[in-house]
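Given next are the chains, with one letter for each unit.
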Amino acid sequence: MILYVTLALCFLPLLAGIVFSAVKVPSFKLSYSVWAVGAGFAALVPIIVIQFVIRRFFNFSPASLAAVFLSALLFNGLIEEGAKALFLFLLPVKAVPISAFTASALIAGTALGSFEALVYCIAGTHYSPLRLITAVVLHALCSGLSGIFVWTLKNGKARKAAFVSALFCHGLYNFFASFGGFVWWFSIAVLLFAAVRLRYYYTDLKRE
């Protein structure tokens, strides 16, 4: 019973995102959510493989504060956001308005984050519920930023800075979230910054 409750709670944000998009985004179709969830789950495969290979065969173990920061940028920023962006390229783009594609990208990130939260819960990882929730939000926001990059690239107006924002926001979040106490709250500031950047790029495209 506990497993089923955990499963439901972990995927509640995903369900909420799909329902919200279907109701509030006029150009959004439920078929987009199927592709988006598939892209989010599929991105987990290269992420897990690449991270495992680097840690296993290159003996990557950060021994200083700077190394911890660079490790967060590599493993959580470049690898995870790169994989998500790669699979977002598989979603229909040119025939989809920016509003619907951004919603799809957010759903893809939420799917990945929800599954990751489930894995942590089943594995007994000692993360607080707040940490798990913020991690799902992070995946969604960064995926939204990567989605802006993918949509603009395929429509001839590439916003490369959106992807760079996703990369650094993800890395910075994990860096600060790895600490306890007062420093951890900087990870929340990173979430707010990511939300502001996503809104900026989205509204700028909507004005064009």
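Above this text is the structure in question.
So, here is what we can say about the structure in this document. It should be emphasised that the depicted structure is a prediction, and the values quoted were computed from it without experimental measurement.

**Topic: the pattern of salt bridges**
Part 1 of the reasoning: A full pass over the atoms with the stated rule returns 2 salt bridges.
Part 2 of the reasoning: Ionic pairing is found between Glu81 and Lys84, a salt bridge with its closest N-O pair at 2.9 Å. Linking Glu81 with Lys84, this pair stays in helix H3 (residues 65–88), spanning 3 residues, or about one helical turn.
Part 3 of the reasoning: We note a salt bridge from Arg159 to Asp204, for which the minimum N-O separation is 3.4 Å. Here Arg159, found in the loop between helix H5 (129–154) and helix H6 (160–177), pairs with Asp204, found in helix H7 (residues 185–207); they are 45 residues apart in sequence, far enough to count as distant.
Part 4 of the reasoning: Exposure remark for Arg159: the relative accessible area of 18% places this residue in the buried category.

**Describing the layout of surface pockets**
Part 1 of the reasoning: One number sums up the size of the second largest pocket: a volume of about 580 Å³.
Part 2 of the reasoning: As for the second largest pocket, its lining consists of 27 residues, and the residues nearest its centre are Asn76, Glu80, Glu116, Tyr120 and Asn174.
Part 3 of the reasoning: Broken down by secondary-structure element, the contributors of at least two residues to the lining of the second largest pocket are helix H2 (30–57), H3, helix H4 (98–123), H5 and H6.
Part 4 of the reasoning: No other element matches H3, which puts 6 residues into the lining of the second largest pocket.
Part 5 of the reasoning: Considered class by class, the residues forming the lining of the second largest pocket number 16 nonpolar, 7 polar and 4 charged.

**Comments concerning empty space enclosed by the protein**
Using a probe with the size of a water molecule, rolled over the atoms, empty space left in the structure can be pinpointed.
Part 1 of the reasoning: Enumeration according to the criterion identifies 2 cavities of 30 Å³ or more in this entry.
Part 2 of the reasoning: The calculated volume of the largest cavity comes to roughly 40 Å³.
Part 3 of the reasoning: If you trace the largest cavity, you find it lined by Ala39, Gly40, Lys84, Phe87, Leu88, Ala108, Gly109, Leu112 and Ser143.
Part 4 of the reasoning: Of all the secondary structure elements, the ones that give two or more residues to the lining of the largest cavity are H2, H3 and H4.
Part 5 of the reasoning: In this model, the second largest cavity occupies a volume close to 30 Å³.
Part 6 of the reasoning: Along its surface, the second largest cavity is lined by Tyr32, Trp35, Leu91, Pro92, Val96, Phe101 and Ser104.
Part 7 of the reasoning: Elements that contribute at least two residues to the lining of the second largest cavity include exactly H2 and H4.
Part 8 of the reasoning: When grouped by side-chain class, the residues that make up the lining of the second largest cavity number 6 nonpolar, 1 polar and no charged.

**So, the packing of aromatic side chains**
Part 1 of the reasoning: The final tally for this structure, using the stated rule, is 12 aromatic pairs.
Part 2 of the reasoning: Arranged with centres 6.4 Å apart and planes meeting at 85 degrees, the rings of Phe11 and Phe41 form a pair that is edge-to-face. Residue Phe11 is located in helix H1 (residues 2–24), and its partner Phe41 is located in helix H2; the two are separated by 30 residues in the primary sequence.
Part 3 of the reasoning: Owing to a relative accessible area of 18%, Phe11 belongs among the buried residues under this scheme.
Part 4 of the reasoning: Among the aromatic residues, ring-to-ring pairing joins Phe69, Phe175, Phe176, Phe179, Phe182 and Phe186 into one connected group.
Part 5 of the reasoning: The aromatic ring of Phe75 is capped on one face by Arg55, whose charged end is 4.0 Å from the ring centroid.

**Examining the side chain of Ser165**
Part 1 of the reasoning: If you trace the backbone, Ser165 turns up in helix H6.
Part 2 of the reasoning: The class of Ser165 is buried, set by a relative accessible area of 11%.
Part 3 of the reasoning: Those residues in contact with Ser165 that sit more than four places away from it in its chain are Leu145, Arg197 and Tyr201.

**Describing the state of the cysteines**
Part 1 of the reasoning: Throughout the structure, instances matching the rule amount to 0 disulfides.
Part 2 of the reasoning: Left without a disulfide partner, Cys142 is nearest to the cysteine sulfur of Cys169, which lies 5.5 Å away.
Part 3 of the reasoning: Among the residues examined, Cys142 registers a relative accessible area of 0% and is labelled buried.

Reading guide: rules and limits
- Just so you know, the residues in each chain are numbered from 1, in the order the chain's sequence is written.
- Where totals are concerned, whole chains, interfaces and linings use all residues; where local detail is concerned, this predicted model gives features only for residues with pLDDT of at least 70, and gives and counts side-chain atom pairs only at 80 or more.
- Excluding hydrogens and water, the side-chain figures rest on all heavy atoms present in the structure.
- Only one rule defines a salt bridge in this text: a Lys or Arg side-chain nitrogen within 4 Å of an Asp or Glu carboxyl oxygen.
- Strands here mean DSSP runs of E at least two residues long; helices mean DSSP runs of H or I at least four residues long; both are numbered from the N terminus.
- Buried, partly exposed and exposed residues are distinguished by accessible area as a fraction of the type maximum, computed with a 1.4 Å probe on protein chains only: under 20%, between the cut-offs, and over 50%, respectively.
- A cavity here means a set of 1 Å grid points, computed over protein atoms only, where a 1.4 Å probe fits but cannot escape. A pocket is an open set with protein on both sides within 12 Å along at least 5 of 7 lines, and lining residues have an atom within 4 Å of a point.
- Grid points are joined across faces, edges and corners, and a volume is the space filled by probe spheres set on the points.
- Each residue gets one of three labels, nonpolar for Ala, Val, Leu, Ile, Met, Phe, Trp, Tyr, Cys and Pro, charged for Asp, Glu, Lys and Arg, and polar for the others, Gly among them.
- Classification of ring pairs rests on two measures: the distance between centres of Phe, Tyr or Trp rings, Trp counted by its six-membered ring, which must be within 6.5 Å, and the angle between planes, read as stacked under 30 degrees, edge-to-face over 60 and tilted in between.
- Criterion for a charge above a ring: Arg CZ or Lys NZ at most 6 Å from the ring centre, at most 35 degrees from the ring normal.
- Whether two residues are in contact is decided by their heavy atoms, any of which lying within 4.5 Å being enough.
- In this description, a disulfide is simply a cysteine sulfur pair whose atoms lie within 2.5 Å.

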